[in-house]
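The primary structure of each chain is shown beneath.
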Amino acid sequence: MIIVMRPGSKQQEVNKVEQRLTELGFATHVIVGEEKTVIGAIGDKAALNSEGILNMPGVESMVPIKKPYKLVSRELKKNCSIITVGNIKIGGGNLVVMAGPCAVESEEQLMQAALAVKQAGATILRGGAFKPRTSPYAFQGMEEEGLKLLAKASQLTGMPIVTEAVDPRDVELVAQYADIIQIGARNMQNFRLLQEVGQTGKPVLLKRGMCATIEDWLMAAEYIMAGGSHDVILCERGIRTYETAVRNTLDLSAVPVVKELSHLPLIVDPSHATGYARYVAPLAKGAIAVGADGLMIEVHPDPSRALCDGPQSLTPEQFTALMRELRGLAEYIGVNLP
Ligand code: PEP
Ligand code: MN
């Protein structure tokens, strides 16, 4: 339910309505807009005494949220959310490029990658320390050692870090190092993990599950927001279809669809979507053209030696060339690519 306050309603009135909703067992989320303040009330509608709330001072109206996801929904918040990480803004016309290796492999590899992507213009460094591998025999990541190297790379370059948590038991540790906690495609519906990450209050990058509908994906985002982390960035990374020419099928139509349904920023990962370095640039440009708020791109100093996802990783030179093209595109579209 959305409780719409009258334009110019007093803070005290908003507080009283919020207090009453809390007493009735609702979780509340106040959104202060330019004209009006609205309160999202999430809970059992049957417990809501509509007349009582409508008669409270400052209340203009009550509107049900029709979608099953509430906090995530554009119905609740009309304006695009802008998420701030350090001094970087994501969403609402501010593009972000997160780049770096699939996995942290060694100090030398990570520092080289970090300096290269920073120089090319990426603003957030990616790198997995815990890797969700399809095979139990594949490299599983450097774990805490990898997180420490990410912290070092962040100090060296000034770039915030996005890194994945794959297990609820590791969330506390990952949260100590990560500026943005990544939930990978394979874990999009790991609800314990979503709840655990939500409780950190940290920004979260939520990748779309490979077999998830857009509604499943938005419901997963709702779990995180309901847990307390309101800064959720969605990431389309390709879905499973019958096509085998590429690793996954990039669903670019998800970009305008999600933008219509949700106020959250949405980025695209063309690396995991295609699985081949040569397709990354065309789809990166396509993603920006259809309105994505940014990109996540795998870059490795020497892709042929990568322990993970080498075939889809760009060399620093390829990434630099792509960034140059993206700048021209961003300018043409009228969005800000810092
Ligand atoms: C990753 O970003 O390294 C990753 C494992 O991605 P996904 O969860 O999209 O497969
Ligand atoms: Mn990868």
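Residues numbered from 1 in each chain as written. Chains lettered and ligands numbered in written order. Predicted model: local features only at pLDDT ≥ 70, side-chain atom pairs only at ≥ 80, totals over all residues. Heavy atoms only, no water.

(A) Structural view of the coordination of the manganese ion (ligand 2). The protein atoms donating to the manganese ion (ligand 2) are Cys102 (SG), His272 (NE2), Glu298 (OE) and Asp309 (OD), with metal-donor distances spanning 2.0 to 2.4 Å. Of note, the donors binding the manganese ion (ligand 2) are all from one chain and are spaced C-x169-H-x25-E-x10-D. Of this pair, Cys102 sits in the loop between strand S7 (96–100) and helix H3 (107–120) while Asp309 sits in the loop between strand S14 (294–298) and helix H11 (316–333), placing them 207 residues apart in sequence. In terms of burial, Cys102 and Asp309 fall into one category: buried. (Donors = N, O, S within 2.8 Å, 3.2 Å for Na, K, Ca; no water. Helix = DSSP H or I, 4+ residues; strand = E, 2+ residues; numbered from the N terminus. Buried < 20%, exposed > 50% of the residue type's maximum accessible area, 1.4 Å probe, protein only.)

(B) Summary view of the site of ligand 1. Taken together, 13 residues are adjacent to ligand 1, and Arg126, Lys131, Ala185, Arg186 and Arg237 come closest. Between ligand 1 and Arg126, the relevant distance is 2.7 Å, taken from an oxygen atom to a side-chain nitrogen or oxygen of the residue. At 2.9 Å from an oxygen atom of ligand 1 is found a side-chain nitrogen or oxygen belonging to Lys207. Its free accessible area being 290 Å², ligand 1 has 97% of it covered by the protein chains. (Near = heavy atom within 4 Å. Polar contact = N/O pair within 3.5 Å; in protein donor to acceptor, adjacent residues only side chain to side chain. Areas by Shrake-Rupley, 256 points an atom, 1.4 Å probe, with all protein chains shown as cover.)

(C) Structural detail: the packing of aromatic side chains. Under the counting rule described, the total for this entry stands at two aromatic pairs. Residues Tyr276 and Tyr279 carry aromatic rings whose centres are separated by 5.8 Å and whose planes lie at 80° to one another, so their mutual orientation is edge-to-face. Judged by relative accessible area, which is 33%, Tyr276 ranks as partly exposed. A relative accessible area of 30% means that Tyr279 is categorised as partly exposed. The side chain of Arg278 reaches across the aromatic face of Tyr276, ending 5.0 Å from its centre. (Phe/Tyr/Trp six-rings, centres within 6.5 Å; stacked < 30°, edge-to-face > 60°. Lys NZ or Arg CZ within 6 Å of the ring centre and 35° of its normal.)

(D) Just unusual backbone geometry, in detail. Of note, Glu143 is a non-glycine position whose phi angle comes to about 55°, a positive value. Tracing the sequence through the fold places Glu143 in the loop between strand S8 (124–126) and helix H4 (144–157).

(E) Fine view of the side chain of Asn94. Note that Asn94 resides in the loop between strand S6 (88–90) and S7. Polar contacts involving the side chain of Asn94 include one to the side chain of Asn336, which spans 3.4 Å. Setting aside anything within four residues of it in sequence, one finds Asn94 in contact with Ile82, Lys89, Asp293 and Asn336. (Contact = heavy atoms within 4.5 Å.)

(F) Expanded view of the pattern of salt bridges. Under the defined criterion, the tally for this structure stands at 15 salt bridges. Salt-bridge contacts for Arg126 lead to Glu298; the nearest nitrogen and oxygen are separated by 3.3 Å. With Arg126 in strand S8 and Glu298 in strand S14, this pair connects stretches of sequence that are 172 residues apart. The exposure class assigned to Arg126 is buried, which follows from its relative accessible area of 2%. (Salt bridge = Lys/Arg side-chain N within 4 Å of Asp/Glu carboxyl O.)

(G) Region of the structure containing the nonpolar core. Ranked by internal contacts, the top residues of the largest apolar core, which has 76 residues, are Leu125, Leu206, Trp217, Leu234, Ile297 and Phe319. Here this core takes seven residues from helix H7 (residues 214–227), the largest share from any one element. Shared between two domains, this core holds at least three residues of each, these being domain 1 (2–63) and domain 2 (83–333). For Leu125, the residues in contact, after removing those within four places along its chain, are Ala99, Gly100, Leu110, Ala114, Val117, Leu150, Ala153, Met159, Pro160, Ile161 and Val162. (Core = buried A, V, L, I, M, F, W, Y, C linked by side-chain atoms within 4.5 Å. Domains from an automatic or database assignment.)

(H) Spotlight on the domain arrangement of the protein chain. The domain boundaries assigned to the protein chain delineate domain 1 (2–63) and domain 2 (83–333). One C-alpha centre belongs to domain 1, the other to domain 2, and the line joining them spans 36 Å.

(I) Broad picture of helix H6 (residues 191–198). Buried within H6 are the following residues: Leu193, Leu194, Val197 and Gly198. Seen end-on, H6 carries its buried residues on one side only, within an arc spanning 135°. For H6, the elements touching its buried residues are helix H5 (171–177), strand S10 (180–183), strand S11 (204–207) and H7. (Arc of directions from axis to C-beta.)

(J) Quick peek at the sheet that holds strand S1 (residues 2–5). The four strands lie next to each other as S2-S3-S1-S4, forming an open sheet whose pairing is antiparallel. Strands with a single pairing partner mark the edges of an open sheet, and in this sheet they are strand S2 (27–32) and strand S4 (59–63). Shown here is a sheet whose adjacent strand axes are inclined to one another by a mean of 20°, direction ignored. Judged from the six bridges that link them, S2 and strand S3 (residues 37–42) form a sheet pairing that is antiparallel. Residue pairing across strands places Thr28 opposite Ala41, the latter belonging to S3. (Pairing = 2+ DSSP bridges. Axes fitted to C-alpha atoms, helices over the stretch in contact; angles between N-to-C directions.)

(K) Summary view of the pairing of S14. Counted residue by residue, S14 has five buried out of five residues, so it is predominantly covered. Here S14 shows a buried face lined by Gly294, Met296 and Glu298 and a second buried face lined by Leu295 and Ile297. Pairing geometry for S7 and S14, over five bridges, is parallel. Residue pairing across strands places Val97 opposite Leu295, the latter belonging to S14.

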